[in-house]
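# Close look at the chain arrangement
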Amino acid sequence: MRENFVTVDHNSDKGSFMTDGTTSATHSRDAAAASSLQTEEGPNNTVVPKARGFTADFFIRLFREKPLGAFGGIIVLILLLTGIFADVLAPFGFNEMSPLNRLKMPSLEHLMGTDQLGRDMLSRIIYGARLSVIVGLAATTLSTIISVFIGVTSGFIGGKFDMYIQRLVDAWMIFPALVMLIVFVSVFGPGMWTIIIILGIQYGIGGSRIIRGATMSTKENMYIRAADSIGASVPRILVRHILPNIMAPIIVIFTTRIAAVILSEATLSFLGLGIPAPAPSWGGMLSGAGRAFMLKAPHLALFPGLALTIVVYGVNIFGDAARDLLDPRLRGGLGSYSGKK
Amino acid sequence: MYAYILRRLLTIIPTLIIASFIVFSLIRLVPGDVIDMMVSQHDIGDAEVTRATLEKAMGLDKPIYIQFGAWLGKIALHGDFGDSLWKGTAVADEILARAPVTFELGLIALTIGLLLALPIGIYSAIRQDTIGDYIGRTVAILGMAIPAFWLGTMIMVYPASWWGWSPSIKLVPFSEDPIGNLKTFLVPGTVLGFALAGVTMRMTRAMMLEVLRQDYIRTAWAKGLKEKVVILRHALKNSLIPVVTLIGLQVPILVGGTIVIEQIFVLPGMGLLMLEAVNQRDYPIIAGVMLFIGLVVLFVNLMVDMSYGWLDPKVRHK
């Protein structure tokens, strides 16, 4: 609105003449009135609201319409920055032991205390953020690619192929995610990259349904038939026409999956099946050797879980807001409900 | 109705076969397979000869589809999931011994989850945008964000270090001491139930808000019905269908949750069985537990579909 103000200004005077009878022309000087008049002026009007970029528009709407989502976005941003600048932020190394300072309560020197090996908890939490960011982004990216690949091919090709693929997805989905993940770890062994790959596969297959649905409805559009009739090849139709039009659900499954992925990694690490020991995974910090000392030093249990909760909360509300803004069709059940029809 | 159930049961069969094939191939994917493990354990004679004998004895020399057929046939016809590699006991017996604990935990968690979610969700909706609504919504978001394994750990740690109280983890059979048995499940069930309640609460609230704006609700008010009747008899029943669907969708999450909760509270259920099996690479047990869980999930989905008929006469007459 603000950037339109100057250009709208002289038009709004004209507008107030046309609609006349309005009490004061000075009122029409405010941008809101101007824009409402501007729409009445019809196609001749040269003042078009400035087209913002997709990303800029998204963030402006996020802050205006979804303050809670914006709050979540800030949490996500803090997480990202903590992950990127962990080396600078952390006062100690994540595996820097100091046997004299074992199990210290939080103090000025160690804001979150130390663990049973004398490692600074704050530093481990900060490096844990890096781990969560890496696993979260890498596994979610992989899962989104898998979802798009399965969903688009299955939805676009259709017919028998679609049926077989969907039965396979059906069968896959009857196994709880955590059970599948545990079995995968038992087969391939724990480790960061294994975890990323199996999380990617598990959530990728689960998310393919949404992409398939979006592809099938996009496929019915006239422009797809038009592209086909002028002889565009299938890959070209997929990349130039289908993909850009299912971008909203793709971004939505990406943002809504990150929280689940981070939580799953933490759960696996908690069960001792995730990222092996010295790595500062938040879930891993709640399990393993530290558990025996938690009664003596409860702060060992407090901080990793708190960090995890805040991050999952932030990513969740940011993801919800992103879904509401980007893809109203998916708003339905689990999203926030505006109360308006 | 019977025809419908029969049709549903028939569509389940291909899903089950594919699902069991997934299980079967996953187990066969193992890099260090069972034979290697056995060869290295019984270090006798020529490894290659031992290998071939073992493969033959276990039927691993046949083509994979025959192995799959034999494996599936045994399960379908005799309920024989094979034997544990370590204990030598039948997998089916192991599962049956552990399943009741998991079922009880899941059932209690589901009950507690619904007891939390439905009243708070309904209250949030009928008092939209009041302080009560905000509190309800905050609780729901917390339920979704707080990891069950952290909440469980905190409950084990903090009361113990402050007051010396910790939840009882000694499991007594229900038949001997029903109250003591339920006491053991109360805390783990609440932790798991709280995790489930978040999503259900939001769904209940959203559906109630939508239903409360319908014409028939206005009619009910106009007839002069009491709030209790309008809400419980007219609004709630109509908003329950998506909630019931959601409960069905939550069963896999519930099963995943029981694994974590059993680990924290040392409850000897299927989740703990599976974790032990994973740590020992006891693949027949892993495969058995997976298939069993898959069956339960399919069965619950069927029940959920059937409950639509009971909840919604429009579905019944179709």
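Fair warning: this is a prediction, and the values are worked out from it, not measured in the lab. (Residues numbered from 1 in each chain as written. Chains lettered and ligands numbered in written order. Predicted model: local features only at pLDDT ≥ 70, side-chain atom pairs only at ≥ 80, totals over all residues. Heavy atoms only, no water.)

## Details of the overall build of chain B
Put simply, the rule reads: What counts as a helix is a DSSP run of H or I of at least four residues, what counts as a strand is a run of E of at least two, and both are numbered from the N terminus. Buried residues are those whose accessible area, probed at 1.4 Å on protein chains only, stays under 20% of the maximum for their type, while exposed residues exceed 50% and partly exposed ones sit between those limits. Contacts are residue-level and defined by heavy atoms, with any inter-residue pair within 4.5 Å sufficient. All accessibility values rest on the Shrake-Rupley procedure with a 1.4 Å probe; residue burial counts only the protein chains present in the view.
Across its full length, chain B holds 13 helices and 0 strands. In chain B, the succession of helices and strands from N to C terminus is α-α-α-α-α-α-α-α-α-α-α-α-α. A buried classification covers 47% of the 318 residues belonging to chain B. In chain B, once contacts between residues fewer than 6 apart in sequence are set aside, the share between residues at least 24 apart is 72%. For chain B, the accessible area works out to roughly 16400 Å², and carbon and sulfur atoms hold 67% of it.

## Structural notes on the overall build of chain A
A tally of regular secondary structure across chain A gives 14 helices and 0 strands. When the elements of chain A are put in sequence order from the N terminus, they spell out α-α-α-α-α-α-α-α-α-α-α-α-α-α. The buried share of chain A, reckoned over its 341 residues, is 48%. By sequence separation, contacts in chain A at least 24 residues apart represent 70% of the contacts at least 6 residues apart. For chain A, the accessible surface area stands at approximately 16500 Å², while carbon and sulfur atoms represent 68% of it.

## Re the side chain of threonine 255 of chain A
Residues and elements named next belong to chain A. Quick note on the threshold: Polar contacts, as used here, are pairs of N or O atoms within 3.5 Å; protein pairs need one atom able to donate a hydrogen and one able to accept it. Residues neighboring in sequence count only if both atoms are side-chain atoms.
Here threonine 255 lies in helix 12 (residues 247-270). Looking at threonine 255, the relative accessible area reads 11%, which means it is buried. Here valine 252 takes part through its backbone oxygen, which lies 3.1 Å from a polar atom of the side chain of threonine 255. Contact partners of threonine 255, with chain neighbours within four places excluded, come to Val315, Phe318, Gly319 and Ala322.

## Things to note about the interface of chain B and chain A
The test is simple: By salt bridge we mean one thing: a side-chain nitrogen of Lys or Arg within 4 Å of a carboxyl oxygen of Asp or Glu. The classification used treats Ala, Val, Leu, Ile, Met, Phe, Trp, Tyr, Cys and Pro as nonpolar, Asp, Glu, Lys and Arg as charged, and all other residues, Gly among them, as polar.
Contact residues are listed per partner, giving 53 residues for chain B and 48 residues for chain A. Counting across the chain B and chain A interface gives 1 salt bridge. The residue aspartate 320 of chain A makes a salt bridge to arginine 202 of chain B at a minimum N-O spacing of 3.0 Å. Put simply, the parts of the chain that give the side of chain B that touches chain A at least two residues each are helix 1 (2-28), helix 6 (131-145), helix 7 (148-163), helix 8 (178-212), helix 10 (227-265), helix 11 (270-280) and helix 12 (283-311) of chain B. When the residues that make up the side of chain B that touches chain A are grouped by side-chain class, the tally is 40 nonpolar, 9 polar and 4 charged.

## Examining unusual backbone geometry
Residue and element names in this part refer to chain B. In this model, valine 266 sits at a positive phi of 50°, which is unusual for a non-glycine residue. Relative to the helices and strands, valine 266 resides in the loop between helix 10 and helix 11. For valine 266, a relative accessible area of 47% translates into the label partly exposed.

## So, the pattern of salt bridges
Using the criterion set out here, one finds 10 salt bridges over all chains in the structure. The salt bridge involving glutamate 227 of chain B is made with arginine 127 of chain B; its shortest N-O contact spans 3.4 Å. With a gap of 100 residues between them, glutamate 227 of chain B in helix 10 and arginine 127 of chain B in the loop between helix 5 (91-126) and helix 6 connect regions that are remote in the sequence. Taking relative accessible area as the criterion, arginine 127 of chain B reaches 33% and is therefore assigned partly exposed. Members of the salt-bridge network, linked through shared partners, are Arg167, Asp170 and Arg209 of chain A.

## What to know about a nonpolar patch on the surface
Residues and elements named next belong to chain A. Quick reminder of the rule: Every patch collects residues that have over 30% relative accessible area and no salt bridge, joining them within 9 Å if they carry like charges and within 5 Å if they are nonpolar side chains (Val, Leu, Ile, Met, Phe, Trp, Tyr).
A contiguous nonpolar surface patch, about 600 Å² in accessible area, is contributed by Leu77, Leu81, Ile84, Phe85, Val88 and Leu89. For the nonpolar patch, the leading source of residues is helix 4 (residues 67-84), giving 3 residues. Checked against the element boundaries, phenylalanine 85 lands in the loop between helix 4 and helix 5 (86-89). A relative accessible area of 44% places phenylalanine 85 in the partly exposed class.

So far we have only geometry, and geometry alone does not tell us how the molecule works.
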